[in-house]
Amino acid sequence: MIILSMIIACVLGVIVGLNVPMISYTYSSYLAIAIIAALDSVFGGISSVINKKYDMKIFISGFFGNAILAILLTILGEKLNVDIYLAAIVVFVGRMFLNLGIIRRYYIEKWTNRIKEKTDPKENN
């Protein structure tokens, strides 16, 4: 179900991306930080599904909350003439790598166990 949703979202993203006019340079930093925050939430959601702790309310609130907070930090940084959004990028990208590591370890263990089961079926019974 989740994979089907992700495939549909990717197809819709490509269709919309091809038909929407270019984002102006003025708003590109806002969009970039919002996308990074949203990706952090997506990887966190996948990680929580793997750990069997997924909650839709937490995912949705984190998805929009992180994006809005990141955009507000970008606005504040522009007003103060300081690149505050870099702090948000460091935090979100760090969490993305952490969650990606959890996802990677889960699938490597799953793959390794499947190979062990195929090579030594007597030991598992």
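The structure presented is a predicted model; accordingly, all values stated were derived computationally and were not measured. (Residues numbered from 1 in each chain as written. Predicted model: local features only at pLDDT ≥ 70, side-chain atom pairs only at ≥ 80, totals over all residues. Heavy atoms only, no water.)

Visitor: Sorry, what's going on with the packing of helix α3 (residues 56–80) against helix α4 (residues 85–119) here?
Guide: In a pair of packed helices, the angle between the axes and the distance between the axes together describe the arrangement. The contact between α3 and α4 brings their axes to 8 Å, and the two run at 150°. In terms of orientation, α3 and α4 fall into the roughly antiparallel class. Residue-level contacts link N66, A70, L73 and T74 of α3 to Y85, A88, F92 and R95 of α4. Classifying every residue of the contact of α3 with α4 gives five nonpolar, two polar and one charged. (Axes fitted to C-alpha atoms, helices over the stretch in contact; angles between N-to-C directions. Helix = DSSP H or I, 4+ residues; strand = E, 2+ residues; numbered from the N terminus. Parallel < 35°, antiparallel > 145°, perpendicular 65-115°, else oblique. Contact = heavy atoms within 4.5 Å. Nonpolar A, V, L, I, M, F, W, Y, C, P; charged D, E, K, R; others polar.)

Visitor: When you look at helix α2 (residues 25–50) in this model, what are you seeing that I'm missing?
Guide: The periodicity of an α-helix, 3.6 residues per turn, causes residues three or four positions apart to be oriented the same way. If you check α2, its first and last C-alpha atoms are 38 Å apart, about what 26 residues at 1.5 Å a residue would give, namely 38 Å. Looking at α2, one finds that the buried residues are Y30, I33, A34, I36, A37, A38, D40, S41, G45, S47, S48 and I50. Those residues of α2 that are buried lie in contact with α3 and α4. (Expected span 1.5 Å × (residues − 1). Buried < 20%, exposed > 50% of the residue type's maximum accessible area, 1.4 Å probe, protein only.)

Visitor: Any chance you could explain the side chain of N66 here in plain terms?
Guide: Along the chain, the position of N66 falls in helix α3. The class of N66 is buried, set by a relative accessible area of 16%. With residues up to four places along the chain from it excluded, the contact list for N66 reads A37, D40, S41, S61, F92 and R95.

Visitor: Is there a simple way to explain unusual backbone geometry in this structure?
Guide: Negative phi is the rule for most residues except glycine; trans is the rule for most peptide bonds. Residue K52 is not a glycine yet carries a positive backbone phi of 60°. Here K52 lies in the loop between α2 and α3. For K52, a relative accessible area of 74% translates into the label exposed.

Visitor: Is there a simple way to explain the layout of surface pockets in this structure?
Guide: A water-sized probe, rolled over the atoms, reveals where empty space remains. The computed volume of the largest pocket comes to approximately 780 Å³. As for the largest pocket, its lining consists of 22 residues, of which I2, M6, V42, I46 and F59 are closest to the centre. For the lining of the largest pocket, the secondary-structure elements that each account for two or more residues are α1 (2–19), α2, α3 and α4. The element contributing the most residues to the lining of the largest pocket is α2, with eight residues. There is about 190 Å³ of room inside the second largest pocket. G44, G45, S48, I58 and F59 are the residues nearest the centre of the second largest pocket, which is lined by 14 residues in total. For the lining of the second largest pocket, the secondary structure elements donating two or more residues are α2 and α3. A per-class count over the lining of the second largest pocket returns four nonpolar, six polar and four charged. (1 Å grid on protein atoms, 1.4 Å probe; cavity = no way out; pocket = protein on both sides within 12 Å on 5 of 7 lines; lining within 4 Å. Points joined across faces, edges and corners; volume = space filled by probe spheres on them.)

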